[in-house]
Amino acid sequence: MSAAPAAFLASEAVERHFPRASLLIPSLEAALANFSSGAEGGVVQPVRTVVPVQKYNGFLGVMPAYSAMDDALTTKLVTFYEHKKDSSVPSHQAIVLLFDPRNGSLKAIMDGSIITAKRTAAVSAIATKFLMPADAEVLCILGAGVQAYSHYEVFIEQFSFKEVRIWNRTKENAVKFARSVMGPVQVCSSAQEAVIGADVIVTVTMATMPILFGEWLKPGAHINAIGASRPDWRELDDEVMKNSVLYVDSREAALNESGDVILSRAEIFAELGEVVKGTKPALPEKTTVFKSLGMAIEDTVAAKLVYDSWSAGN
Ligand SMILES: NC(=O)C1=CN([C@@H]2O[C@H](COP(=O)(O)OP(=O)(O)OC[C@H]3O[C@@H](n4cnc5c(N)ncnc54)[C@H](O)[C@@H]3O)[C@@H](O)[C@H]2O)C=CC1
Ligand SMILES: O=C([O-])C1=[NH+]CCC1
């Protein structure tokens, strides 16, 4: 007897079954808490394997995870390449494979790019809910790529900022961003101009050297640091790292993969999952950094959401 053929869910299907990042917030909060609960949480997730493709300035990441609570088993394959200016190919491409955990059969192959964009933004929204200052009014986004759009969408839905600012290395992409999203966005000519006075900052660039400097920060600001996922890459300078309370998605990953954490030698205060569980405090009155590297378990719960909706015929 052979297993039923795996379903293929292309990006349109994934989008249809996962139309808003916020749909994933409850299951992501549970997954983050389970991840930070050790063996009791039932999450098995090794630090991802990353294969450098040096000749072409690219990387292949392999991200497997199993969640006993969700009874879901996946692996994501994600490539990330430094953007060539004239490239029509996205810098990040991904697929997620969903297996039947009872027998190892492949149940589905799905586009992973939308999942990556939305689950990352949803995790940042969770961190922001806990860590942003009580009277946050100004949101600043540094970068204008895929993650900038997904973060904007969920942040505008979940919070009520009075002002949104964007800066991008290539200004025309920041202008394009401001023209294509629903609400008003102020395009800034420098990162410094965008950051000064901001309450919540999202760094979503492919920078390998700092683009955010501590001297610009408003005390009490909250930063979601999403890029710089290699041990020798930075988005934040030492002053940001040393003068903030540092939260991470995974301690183990941060100490292996994050240049911002490794090179600054900043002390990790807590995993976000510990804050969700209530075993470590959120300190929204302090200047805080959430250093996100992206976890396989986030893809697992997203793939389950998509597959369950698809198989129910929604
Ligand atoms: N933490 C997580 O879970 C995840 C993190 N990421 C990371 O988020 C970042 C953004 O990803 P996407 O939006 O998908 O990429 P993208 O290629 O769509 O956008 C990248 C943006 O960075 C800008 N940029 C490129 N080089 C730069 C430099 N040297 N200095 C300043 N800006 C620069 C580009 O102009 C563009 O606006 C990347 O670093 C990516 O690896 C991506 C997926 C998940
Ligand atoms: O979690 C993820 O998929 C990634 N993090 C950095 C590059 C891709």
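This is a predicted model, so every value here is computed, not measured.

Calculation rules
- Residue positions within a chain follow its written sequence, with the count starting from 1.
- Both sets of labels track the order of writing: A upward for chains, 1 upward for ligands.
- At least 70 in pLDDT is required for a residue's local features to be given in this predicted model, at least 80 for side-chain atom pairs to be given and counted, and no such filter applies to totals for whole chains, interfaces and linings, which use all residues.
- The basis for every side-chain value is the complete set of heavy atoms in the structure, and neither hydrogens nor water enter the calculation.
- Only the stretch in contact is used when fitting a helix axis, every axis being a line fitted to C-alpha atoms; angles between N-to-C directions are given from 0 to 180 degrees.
- Each helix corresponds to a stretch of at least 4 residues labelled H or I by DSSP, and each strand to a stretch of at least 2 residues labelled E; elements are numbered beginning at the N terminus.
- By convention, the crossing between two helices is left-handed when the near helix turns anticlockwise from the far helix through less than a right angle, and right-handed when the turn is clockwise.
- What makes two residues a contact is simply this: any of their non-hydrogen atoms within 4.5 Å.
- Here the term charged refers only to Asp, Glu, Lys and Arg, the term nonpolar to Ala, Val, Leu, Ile, Met, Phe, Trp, Tyr, Cys and Pro, and the term polar to all other amino acids, Gly among them.
- The split of the chain into domains comes from an automatic or database domain assignment.
- Buried area: the accessible area, evaluated with a 1.4 Å probe, that two parts lose upon being put together, summed over both parts.
- When a carboxyl oxygen of Asp or Glu is within 4 Å of a side-chain nitrogen of Lys or Arg, the pair counts as a salt bridge.
- Each polar contact in these results corresponds to two N or O atoms within 3.5 Å; when the atoms are within protein, one needs to be able to donate a hydrogen and the other to accept it, and residues that are neighboring in sequence are counted only if both atoms are side-chain atoms.
- Nearness is defined per residue: one heavy atom within 4 Å of the molecule or strand is enough.
- Calculation of accessible area relied on Shrake-Rupley with a 1.4 Å probe; when residues are assessed, cover is drawn exclusively from the protein chains displayed.
- Ring pairs shown here join Phe, Tyr and Trp side chains whose ring centres sit within 6.5 Å, with only the six-membered ring taken for Trp; geometry is labelled stacked below 30 degrees between planes, edge-to-face above 60, and tilted in between.
- Working rule: Lys NZ or Arg CZ, within 6 Å of ring centre, within 35 degrees of ring normal, means a charge sits over the ring.
- Accessibility here uses a 1.4 Å probe with only protein chains present; expressed as a share of the type maximum, an area under 20% marks a residue as buried, one over 50% as exposed, and anything in between as partly exposed.

**Student:** Got a sec to walk through the packing of helix 3 (residues 113-131) against helix 11 (residues 296-311)? Specific residues and values, please.
**Tutor:** Across the interface, helix 3 lies against helix 11 with an axial gap of 10 Å and an inter-helix angle of 115 degrees. Where helix 3 crosses over helix 11, the two elements pack in a sense that is right-handed. Together, Ile115, Thr116, Arg119 and Val123 of helix 3 and Glu298, Asp299, Ala302, Ala303 and Val306 of helix 11 make up the contact between the two elements. Grouping the amino acids of the contact of helix 3 with helix 11 by side-chain chemistry returns five nonpolar, one polar and three charged.

**Student:** Can you tell me about the domain arrangement of the protein, naming the residues and giving the values?
**Tutor:** For the protein, the assigned domains read domain 1 (7-115 + 297-311) and domain 2 (123-295). The distance between the C-alpha centroids of domain 1 and domain 2 comes to 22 Å. Of the residues lining the interface, 24 residues belong to domain 1; the matching set on domain 2 comes to 27 residues. Across the domain 1/domain 2 interface, buried area totals approximately 2300 Å², and carbon plus sulfur atoms make up 63% of it. By the criterion of area lost to domain 2, the three top residues of domain 1 are Leu32, Val47 and Arg48, representing 23% of everything that side buries. Across the domain 1-domain 2 interface, the total number found is three salt bridges. One salt bridge in this structure joins Glu157 and Arg20, with 3.3 Å as the shortest N-O distance. Taken together, the connections running from domain 1 to domain 2 amount to eleven residue pairs in polar contact (both at pLDDT 80 or more). At the level of secondary structure, the elements contributing two or more residues to the side of domain 1 that touches domain 2 comprise helix 2 (25-35), strand 4 (58-67), strand 5 (72-81) and helix 11. Element by element, the count of residues in the side of domain 1 that touches domain 2 is highest for helix 2, at six residues.

**Student:** Report on the site of ligand 1, specifying residues and quantitative values.
**Tutor:** Around ligand 1, 23 residues are found, and the nearest of them are Ser91, His92, Gln147, Asn168 and Thr205. Within the side chain of Thr120, a nitrogen or oxygen atom sits 3.4 Å from an oxygen atom of ligand 1. A distance of 3.1 Å is found between an oxygen atom of ligand 1 and a backbone nitrogen or oxygen belonging to Met206. Within the complex, 89% of the 860 Å² of free accessible area of ligand 1 lies under protein. Counting residues per element, the shell around ligand 1 draws most heavily on helix 3, which supplies three residues. When residues of the shell around ligand 1 are assigned to domains, at least three map to each of domain 1 (7-115 + 297-311) and domain 2 (123-295).

**Student:** Describe the packing of aromatic side chains, naming the residues involved and giving the relevant values.
**Tutor:** Summed over the entire model, instances satisfying the criterion amount to nine aromatic pairs. Between the aromatic rings of Phe159 and Phe161, the centroid separation amounts to 5.9 Å while the plane-to-plane angle is 65 degrees, which identifies the pairing as edge-to-face. Following the ring pairs from residue to residue traces out a cluster consisting of Phe59, Phe80 and Trp233. Positioned over the ring face of Phe18 is Lys118, at 5.5 Å from the centre of the ring.

**Student:** Just give me the short version of unusual backbone geometry, but keep the residues and values in it.
**Tutor:** Phi angles above zero are rare outside glycine, and Asn57 is one such case at about 55 degrees. Positioned with a positive phi, Arg265 is a non-glycine residue whose angle comes to about 55 degrees. Tracing the sequence through the fold places Arg265 in the loop between helix 9 (259-264) and strand 14 (268-271). Residue classification places Arg265 among the exposed residues on the basis of a relative accessible area of 74%.

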